[in-house]
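# Observations on the three-dimensional arrangement
As a plain string of letters, each chain reads:
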Amino acid sequence: MFPAGTRRVAVVAGLRTPFLRSGTLFESMTAVDLGAVAVKELVTRADLDEKEIDGLLYGTVIPSVSRPNIAREVLFDANLPMSIPASSVIMACATSNRAITDAAEQIALGLADVIVAGGSECLSDVPILFSRPFARRLVKLSKAKTAAQKAKVFAGFRPGELAPNPPAIAEYTTGLSMGESAEKMAKENRIFRAAQDEYALGSHRKAAAGWDKGVLPPEVVPVPVAPKFEEMATTDNIIRRDTSLEQLAKLPPVFDRKFGTVTAGNSSPLTDGASAVLLMSEERAKAQGRKILAFIRSWAYAALDPSDQLLQGPAYAAPVALDRAGLKLSDVGRVEMHEAFAAQVLSNLQAFASETFARDRLGRSAPLGEVDPKILNLYGGSIAIGHPFAATGARIVTTLANELSRSGVQFGLLTVCAAGALGHAMVLEHAD
Ligand SMILES: CC(C)(COP(=O)(O)OP(=O)(O)OC[C@H]1O[C@@H](n2cnc3c(N)ncnc32)[C@H](O)[C@@H]1OP(=O)(O)O)[C@@H](O)C(=O)NCCC(=O)NCCS
């Protein structure tokens, strides 16, 4: 996909914090805290001279009001040289994917050789806003000079104005939450409850195996837990080794209590965590004798109408990424798909294989094809591991790059769906 004269981009390393259910061990931490740990440790483990870093591209989906440019704040807290430009990126759940592809563009064009990219989300620390009428009063209060002016600010005050305004995990345009949108997809695509639960069970089993086989631990940096820093968070705490189809089947639907199929068990949970990857030009990585985990071969973004099937973006982005890579789905030996909901994964897989979808939605004569379950999300996905929105993309890139390096498989495809009806796909290539 890269035009002649541009350079190959190497994934050299990737790392993440443990992914923890929101409101557990990271409840007193912030996205900046978690991001700083991931970025600092990535640079340390890579034995990278910090002065070599040309940029930090980093994101969070729900930014802090006091530290909105998370990239720069992470850089400060990671004690990296202040001379490194750092900018923040937001693209809903594809945030760290966008950070990675922005970095890849800079490296491919020769504008940079070494970039750290990633994302962090601490859903234990979301900004909760005052209502607009009360916020207006506070602004007026800050400008009031006399006691009379101050008193006037609160004329007509109603206690209801103090009701907090937390961020909604919902589409502004449709008013539907992500879960309601997943329900819509399940219904329109006829993805039944049993299939969703079976998929979710597989996610937990594979993630547990990923830890037990020693595949995931090297991708995870232990985090000293604020505020006392006496305890260490060392492992993911969402994976359920003891779950079963029977337990999953008992859970009530959450987003359509009467007729729904999407439950806490087959959804990704609200999660805290951070991730980061180290990208280098091929030349720089090779000049330093570094092991390259994978090359970025291609990528694509897609967008559709949020009132359609909100989380179907991967089915639109993957064919374009594969075309740009000059590959077919059958050339790909590993697939990593972000699991917002089992219903969303199964809907996208269905679309991959559907002639009707290919013809009517993509204008293509043939579908992409079936994904062999044996090559899909080998070490679990966001349902079991968790989904700190901005951190998921870099987690997936890390896991896939490591898997290609370890297995010798030539090509891997990854996909991410995102709010706003956005989708991302990337093809990674074995480096040897
Ligand atoms: C689905 C959701 C609302 C559930 O939230 P929650 O009710 O706080 O979830 P919990 O973890 O408390 O689970 C609810 C119950 O199901 C049980 N449960 C969850 N997963 C289970 C599993 N795999 N096996 C067995 N039981 C399970 C829990 O133990 C809990 O039981 P309890 O009520 O007896 O304690 C929340 O996770 C959510 O909003 N997820 C979607 C996030 C999202 O939209 N992301 C964006 C994607 S694009």
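Scroll up a little and you will see the structure.
Here is a short report on the structure shown in this document. (Residues numbered from 1 in each chain as written. Predicted model: local features only at pLDDT ≥ 70, side-chain atom pairs only at ≥ 80, totals over all residues. Heavy atoms only, no water.)

## Regarding the pattern of salt bridges
- Per the stated rule, a full pass over the model turns up 26 salt bridges.
- Of the charged contacts in the structure, one is a salt bridge between aspartate 77 and arginine 67, with a shortest N-O distance of 3.1 Å. Here aspartate 77, found in helix H2 (residues 70-77), pairs with arginine 67, found in the loop between strand S3 (55-59) and H2; they are 10 residues apart in sequence, far enough to count as distant.
- In this structure aspartate 77 comes out as partly exposed when scored by relative accessible area, which is 36%.
- Its relative accessible area of 25% is what places arginine 67 among the partly exposed residues.
- Among the ionic pairs, aspartate 308 bridges to arginine 361, the shortest N-O distance being 2.6 Å. One end of the pair, aspartate 308, is in the loop between strand S9 (294-303) and helix H10 (313-325); the other, arginine 361, is in helix H12 (residues 355-362), with 53 residues separating them in the sequence. (Salt bridge = Lys/Arg side-chain N within 4 Å of Asp/Glu carboxyl O. Helix = DSSP H or I, 4+ residues; strand = E, 2+ residues; numbered from the N terminus. Buried < 20%, exposed > 50% of the residue type's maximum accessible area, 1.4 Å probe, protein only.)

## A closer look at the packing of aromatic side chains
- As enumerated under the stated definition, the model contains seven aromatic pairs in all.
- For the ring pair tyrosine 316 and phenylalanine 357, a centre distance of 5.2 Å and an interplane angle of 75° mean the geometry is edge-to-face. Of the two residues, tyrosine 316 is situated in helix H10 and phenylalanine 357 in helix H12; the sequence distance between them amounts to 41 residues. The same class applies to tyrosine 316 as to phenylalanine 357, namely buried.
- Three or more aromatic residues link up through ring pairs in this structure, and these residues are Phe130, Phe134, Phe154 and Phe157.
- Over the aromatic face of phenylalanine 295 sits the side chain of arginine 8, whose NZ or CZ is 3.8 Å from the ring centroid. (Phe/Tyr/Trp six-rings, centres within 6.5 Å; stacked < 30°, edge-to-face > 60°. Lys NZ or Arg CZ within 6 Å of the ring centre and 35° of its normal.)

## Looking at the pairing of strand S1 (residues 9-16)
- With respect to burial, S1 is a largely interior element, eight of its eight residues being buried.
- Relative to S9, S1 is paired through three bridges, and the arrangement is antiparallel. Directly across from alanine 10, in S9, lies its bridge partner phenylalanine 295.
- Where S1 meets strand S8 (residues 271-281), seven bridges bridge the pair, whose relative direction is antiparallel. Looking across to S8, one finds that valine 11 is bridged to leucine 279. (Pairing = 2+ DSSP bridges.)

## Considerations on helix H3 (residues 95-108)
- Its 14 residues place the ends of H3 20 Å apart at the C-alpha level, agreeing with the 20 Å of an ideal helix rising 1.5 Å per residue.
- The element H3 is largely enclosed, with a buried count of 10 among its 14 residues.
- Along H3, the residues classified as buried are Thr95, Ser96, Asn97, Ala99, Ile100, Thr101, Ala103, Ala104, Ile107 and Ala108. (Expected span 1.5 Å × (residues − 1).)

## Some remarks on the site of the ligand
- Lining the immediate environment of the ligand, one finds 22 residues, of which Arg21, Met178, Arg240, Thr243 and Ser268 sit closest.
- Within the side chain of arginine 21, one N or O atom sits 2.9 Å away from an oxygen atom of the ligand.
- Interatomic distance of 3.1 Å between a side-chain N/O atom of arginine 240 and an oxygen atom of the ligand.
- When the free accessible area of the ligand is taken as 980 Å², the share hidden by the protein chains comes to 66%.
- If you map the ligand onto the pockets, it falls in the largest pocket.
- For the shell around the ligand, the per-class residue count stands at 13 nonpolar, seven polar and two charged. (Near = heavy atom within 4 Å. Polar contact = N/O pair within 3.5 Å; in protein donor to acceptor, adjacent residues only side chain to side chain. Areas by Shrake-Rupley, 256 points an atom, 1.4 Å probe, with all protein chains shown as cover. 1 Å grid on protein atoms, 1.4 Å probe; cavity = no way out; pocket = protein on both sides within 12 Å on 5 of 7 lines; lining within 4 Å. Sits in = over half its atoms within 2 Å of the grid points. Nonpolar A, V, L, I, M, F, W, Y, C, P; charged D, E, K, R; others polar.)

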